[in-house]
Amino acid sequence: MNLILLGPPGAGKGTQAKRLVQRLGIPQISTGDMLRAAVKAGNALGQRVKGIMEGGELVPDDVVIALFKERASQPDAREGFILDGFPRTVGQAQELGKILEEEGGQIDHVLSIDVPVENLVTRLSGRRTCRACQAMCHVETSPPRRPGRCDQCDGELYQRADDNEETIRERLRVYKQQTEPLITYYGKEEILRRIPGSGSVEEIFKTISSVIGNGKAGG
Ligand code: AMP
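Residues numbered from 1 in each chain as written. Predicted model: local features only at pLDDT ≥ 70, side-chain atom pairs only at ≥ 80, totals over all residues. Heavy atoms only, no water.

1. Describing the overall build of the protein chain
What counts, and what does not: Put simply, DSSP H or I for four residues or longer makes a helix, DSSP E for two residues or longer makes a strand, and each gets a number counted from the N terminus. A radius of gyration in this sense is built from C-alpha atoms; the matching globule rule multiplies 2.2 Å by the number of residues raised to 0.38. The rule is simple: take the accessible area with a 1.4 Å probe, protein chains only, and divide by the maximum for that residue type; under 20% is buried, over 50% is exposed, in between is partly exposed. Whether two residues are in contact is decided by their heavy atoms, any of which lying within 4.5 Å being enough. Each accessible area is a Shrake-Rupley estimate made with a 1.4 Å probe; only the visible protein chains count as cover when residues are assessed. We score Asp and Glu as negative and Lys and Arg as positive, and we do not count His or the chain ends. A charge is said to be at NZ when it belongs to Lys, at CZ for Arg, at CG for Asp and at CD for Glu.
For the protein chain, the count of helices and strands is nine helices and eight strands. Here the protein chain has a C-alpha radius of gyration of 17 Å; the compact-globule value for 219 residues is 17 Å, and the two agree. The principal-axis extent of the C-alpha atoms belonging to the protein chain is close to 45 × 40 × 35 Å. Across the 219 residues that make up the protein chain, the buried fraction comes to 45%. Sequence-distant contacts, at least 24 apart, represent 70% of the contacts inside the protein chain between residues at least 6 apart. With an accessible surface of roughly 11200 Å², the protein chain has 48% of that area assigned to carbon and sulfur atoms. If you average the places of the 30 positive and of the 30 negative side-chain charges in the protein chain, the two averages end up 4 Å apart.

Set out below in structure tokens:
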């Protein structure tokens, strides 16, 4: 099964993706995580995208499409994948459609997690991410048991370079302009479902689970 999680930054795509990995046994493909890993490694790709990411802008389509292709071709993705943060433009969605079609595959569900914009700045500015396992928490709404340490693996929590207010506002602007049109794009293909994203992680996961059913295509 191939799933896309759509939604603005801070909607909870990464959190839900990790739960879906547990449930479905297929990998999460997060272009954001892959790009951050490249920045951390300081390789040529990382050097190219660091400034773009810190400014809250989108990395060029050809770069993220190449990352997706490489990751999706690995053996653990043979039964499908959960896309988190990709596609983010209509161009990326068209290219993804072509790649899947060539292999006789398809997107089974596009889940758009809807959260009012005014909640997103608070969500993102308090967000902390684990350096080791990428789990997320929030300093006010879901604080870690030990300050600065991840509840899941005790790794170090850090604040992403783009989770500051100025960059958050730019990311939200970019989302509205370049990514939100995907709701219409996938709406036309009739595989889109809108998921209210304001409840608890558990409630949202329940809604998603009922939409994807038993995990089989069309279920
Ligand atoms: P994320 O972790 O998904 O919020 O992504 C963090 C940043 O990585 C974004 O603000 C972009 O700069 C870049 N990025 C991640 N995925 C994509 C994508 N599909 N297209 C373009 N840029 C991306």
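2. What to know about the site of the ligand
Heads up, the rule is: Here a residue counts as near a molecule or strand whenever at least one of its heavy atoms sits within 4 Å of it. In the analysis that follows, any N or O atom pair within 3.5 Å is treated as a polar contact, provided that within protein one partner can donate a hydrogen and the other can accept it, and provided that, for residues neighboring in sequence, both atoms belong to side chains. Each residue gets one of three labels, nonpolar for Ala, Val, Leu, Ile, Met, Phe, Trp, Tyr, Cys and Pro, charged for Asp, Glu, Lys and Arg, and polar for the others, Gly among them.
Taken together, 16 residues lie near the ligand, and Thr-31, Arg-36, Glu-57, Gly-85 and Gln-92 sit nearest. The separation between an oxygen atom of the ligand and a polar main-chain atom of Glu-57 is 2.5 Å. Side-chain polar atom of Gln-92 to a nitrogen atom of the ligand: 2.9 Å apart, as the coordinates give it. Counting residues per element, the shell around the ligand draws most heavily on helix H2 (residues 31–41), which supplies four residues. Grouping the amino acids of the shell around the ligand by side-chain chemistry returns six nonpolar, four polar and six charged.

3. So, the pattern of salt bridges
What counts here: For this analysis, a salt bridge means a side-chain nitrogen from Lys or Arg found within 4 Å of a carboxyl oxygen belonging to Asp or Glu.
For the structure on display, the rule yields 16 salt bridges. For Arg-146, the salt bridge goes to Asp-154, with nearest N and O atoms at 3.0 Å. Here Arg-146 falls in the partly exposed class, since its relative accessible area comes to 49%. A single salt-bridge network, built from bridges that share partners, covers Arg-127, Arg-160, Asp-162, Asp-163 and Arg-171.

4. Quick notes on the nonpolar core
What counts, and what does not: To define a nonpolar core, start from buried Ala, Val, Leu, Ile, Met, Phe, Trp, Tyr and Cys residues and group those joined through side-chain atoms within 4.5 Å.
Of all hydrophobic cores here, the largest spans 28 residues; its most connected members are Ile-4, Leu-35, Phe-68, Leu-83, Leu-96, Val-110 and Tyr-186. Going through the elements one at a time, strand S1 (2–6), helix H3 (44–54), helix H4 (61–72), strand S3 (81–84), helix H5 (90–102) and helix H8 (181–188) are the ones with two or more residues in this core. In terms of nonpolar packing, the next biggest core, distinct from the first, is built from 22 residues, Leu-20, Val-121, Phe-205 and Ile-208 among them.

5. Here's the deal with the sheet that holds strand S5 (residues 127–130)
Worth spelling out the cut-off: A strand pair is defined by DSSP finding two or more bridges across the two strands. Note on definitions: angles span 0 to 180 degrees between N-to-C directions of axes, and those axes are lines fitted to C-alpha atoms, for helices only across the stretch in contact.
Within the open sheet, the three strands sit side by side as S6-S5-S7. Their pairing is antiparallel. Sheet topology places strand S6 (136–138) and strand S7 (157–158) at the edges, where each strand pairs with a single neighbour. Bridge analysis of S5 against S7 gives two bridges, and the strand direction is antiparallel. Looking at the pairing, Cys-130 lines up with Leu-157 of S7. Where helix H6 (residues 117–125) meets the sheet, its contacts fall on S5 and S6, and the angle it forms with S5 comes to roughly 45 degrees.

By themselves these figures say nothing about function.
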